[in-house]
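Results of the structural survey
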Amino acid sequence: MLRFTKKVALASFKASIPVLLGYLTMGAAAGILLTSQTGLGAFWAFLTSATSVSGALQFMAVDMFANHTPLLTVALVTLSINIRYALYGLPLIERWKGIPILLKLYLILSLTDETFALETENKYPPGEDSLTYCFLISLFDHIYWVTGVVAGSLAGGLLNFNTKGIDFAMTALFIVILMDQLQEKQTRIPAGIGGICAVIGLLIYPANMLVPSLLLILAAILLFRRRLEVANA
Amino acid sequence: MPSANTTYLLLATLVMFAVTYALRGTVFAVFGGSRTPPRLILYIGRVIGPAVIASLVIYCFRNTTPLVWPYGLPETAAALVCILLHIWKRNPLLSIILSTILYMVLVQHFSS
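Parameters at a glance
Residues numbered from 1 in each chain as written. Chains lettered and ligands numbered in written order. Predicted model: local features only at pLDDT ≥ 70, side-chain atom pairs only at ≥ 80, totals over all residues. Heavy atoms only, no water. Helix = DSSP H or I, 4+ residues; strand = E, 2+ residues; numbered from the N terminus. Rg over C-alpha atoms; globule rule 2.2 N^0.38 Å. Buried < 20%, exposed > 50% of the residue type's maximum accessible area, 1.4 Å probe, protein only. Contact = heavy atoms within 4.5 Å. Axes fitted to C-alpha atoms, helices over the stretch in contact; angles between N-to-C directions. Parallel < 35°, antiparallel > 145°, perpendicular 65-115°, else oblique. Left-handed = near helix turned anticlockwise from the far one by under 90°. Nonpolar A, V, L, I, M, F, W, Y, C, P; charged D, E, K, R; others polar. Salt bridge = Lys/Arg side-chain N within 4 Å of Asp/Glu carboxyl O. Polar contact = N/O pair within 3.5 Å; in protein donor to acceptor, adjacent residues only side chain to side chain. Expected span 1.5 Å × (residues − 1). Buried area = accessible area lost by both parts, 1.4 Å probe. Core = buried A, V, L, I, M, F, W, Y, C linked by side-chain atoms within 4.5 Å. pLDDT = per-residue confidence, 0-100.

Description of the overall build of chain B
Broken down by element type, chain B carries four helices and zero strands. Here the C-alpha atoms of chain B give a radius of gyration of 21 Å, more than 25% beyond the 13 Å that 2.2 N^0.38 yields for 112 residues. Once the C-alpha set of chain B is aligned to its principal axes, its extents read approximately 60 × 50 × 30 Å. In chain B, which comprises 112 residues, the share counted as buried stands at 44%. For chain B, the share of sequence-separated contacts (at least 6 apart) that also reach a separation of at least 24 residues comes to 37%.

Considering the packing of helix α3 (residues 55–67) of chain A against helix α1 (residues 4–30) of chain B
Geometry of a packed helix pair, given as the angle between the helix axes and the separation of the axes. Where α3 of chain A contacts α1 of chain B, the two axes come as close as 11 Å, and the packing angle between them is 150 degrees. Taken together, the axes of α3 of chain A and α1 of chain B lie roughly antiparallel to each other. Crossing geometry of α3 of chain A relative to α1 of chain B is assigned as right-handed. Counted together, Leu57, Ala61, Met64 and Phe65 of chain A of α3 of chain A and Tyr8, Leu9, Ala12, Thr13, Met16 and Thr20 of chain B of α1 of chain B form the full contact between these two elements. Considering only residue class, the contact of α3 of chain A with α1 of chain B consists of eight nonpolar, two polar and no charged.

A few points about the pattern of salt bridges
By the definition in use, this model includes eight salt bridges over all chains. Two residues, Asp113 of chain A and Arg84 of chain A, come together in a salt bridge whose shortest N-O distance is 2.8 Å. Separated by 29 residues along the polypeptide, Asp113 of chain A in helix α7 (residues 113–121) and Arg84 of chain A in the loop between α4 (71–82) and α5 (85–88) bring together distant segments of the chain. A residue is classified by how much of its surface remains accessible, and Arg84 of chain A, at 24% relative accessible area, is partly exposed. Linked through salt bridges whose partners overlap, the residues forming this network are Arg225 and Glu229 of chain A together with Arg39 and Arg46 of chain B.

Topic: the environment of Arg62 of chain B
For Arg62 of chain B, the position within the fold is in the loop between α2 (39–60) and α3 (73–89). Residue classification places Arg62 of chain B among the partly exposed positions, given a relative accessible area of 21%. Beyond its immediate chain neighbours, meaning those up to four positions away, Arg62 of chain B contacts Asp63, Asn67, Leu202 and Met209 of chain A. Reaching out from Arg62 of chain B, the side chain makes a polar contact with the side chain of Asp63 of chain A at a distance of 3.3 Å.

Examining helix α10 (residues 188–204) of chain A
With 17 residues, α10 of chain A extends 24 Å between its outermost C-alpha atoms, agreeing within 8% with the 24 Å of an ideal straight helix rising 1.5 Å per residue. Residues of α10 of chain A that are buried: Pro190, Ala191, Ile193, Gly194, Gly195, Cys197, Ala198 and Gly201 of chain A.

Some words on the interface of chain B and chain A
Taken together, the 65 residues of chain B in the interface contact 85 residues of chain A. Taken together, both faces of the contact between chain B and chain A bury some 6,800 Å²; the carbon and sulfur share is 77%. Our count for the chain B to chain A interface comes out at four salt bridges. Notably, a salt bridge pairs Asp63 of chain A with Arg62 of chain B, separated by 3.3 Å at the nearest N-O pair. The interface formed by chain B and chain A includes 19 residue pairs in polar contact (both at pLDDT 80 or more). Of all the secondary structure elements, the ones that give two or more residues to the side of chain B that touches chain A are α1, α2, α3 and α4 (92–109) of chain B. Top element by residues in the side of chain B that touches chain A is α2 of chain B. It accounts for 22 residues.

Description of α3 of chain B
Over its 17 residues, α3 of chain B extends 24 Å from the first C-alpha to the last, a length consistent with the 24 Å expected when each residue adds 1.5 Å. Its buried side turned inward, α3 of chain B meets α9 (168–182) of chain A together with α4 of chain B. In the segment just after α3 of chain B, Arg90 of chain B is the residue with positive phi, at about 50 degrees.

Here we look at the nonpolar core
General note: in soluble globular proteins, nonpolar side chains tend to be found buried as a group. Of all hydrophobic cores here, the largest spans 101 residues; its most connected members are Met60, Ile81, Trp96 and Phe174 of chain A together with Leu56 of chain B. Sequence-distant contacts of Met60 of chain A, defined by excluding residues within four places in its chain, comprise Val77, Ile81, Met170, Phe174 and Leu210 of chain A together with Leu56 and Tyr59 of chain B.

Details of the confidence of the model for chain B
If pLDDT is low for a region, its predicted coordinates should not be looked at in detail. Residue and element names in this part refer to chain B. For chain B, mean pLDDT is 89; residues scoring 70 or higher make up 93% of the total. For chain B, α2 is the element with the lowest average pLDDT, namely 87, and α3 is the one with the highest, namely 97. Per the prediction output, this complex has pTM 0.84; the corresponding ipTM is 0.89.

A closer look at unusual backbone geometry
All names here are of chain B. Between Trp69 and Pro70 the backbone carries a cis peptide bond, its omega angle lying at 5 degrees. Here Pro70 lies in the loop between α2 and α3. Of note in this structure, Tyr71 is not a glycine but carries a positive phi near 55 degrees.

Shown next, in the form of structure tokens:
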């Protein structure tokens, strides 16, 4: 059972401060983008950010809402962007065994990259409850993200300047994520495969390039599995 | 009565939520016991991340027109600034904000 004390609350808040800064600013950028590109207000900012709790997807949602992307493509895009989440549970299965089901469902809902990192690090103060510490980190991070997106959306509605070109923020975000991933050598061939498949997808089906691109990527990484696993070993 | 657009937005939000939640939860539902995931799943999970992000970068440039004015110059300039800044400072927000401002200035003042 959860055991709330001042000490554990303070420790989890302190651990979450870097996430606070990151989520408020990135969330605000996504919220500004949503409202300036689609005209959708704080209600949609809240609904999307509170349920999906996913950074890259929040940016892609703006693009998909604006283009009325077919729902099947929305599902495929979400699957590809967030498939890494399918592995995040692995180190947490044992620790979360037998905890109350509602708590478990919430911890799963709010499991982002940053929350996962803090929860696997799990630096709870001695004598305090590890699960309470993890729950509070989840809750804090979730609140930061939703607050950032909603605040950005409200600001986006007030901004009275020409926002043409602001969608480059999403391009820049993906460039930055890619550059950070490329620091690890074994990501380079997969990234190259992704780039080539996307160019082919754009050439063969420009109206909805993501579907052929993502299917090609899946086919390519299955086809080159042996070579990629050797390269990674 | 919600408009067609509202219905679409609600469904799209629901799809994003359902797929993301299922991804986060699958491992607990399927491997909650002692079974470990198949090696194929682990392999896909390891390599698909950078491939997808690289394809999304290309996707973001899909409307660039290299053969027609402005020849993709605003995109190229902003992307270069983003890359160089990120090599130099490794500060994601700085790279994103400055390159976006540059891009906005370029497309608003020079390319129409």
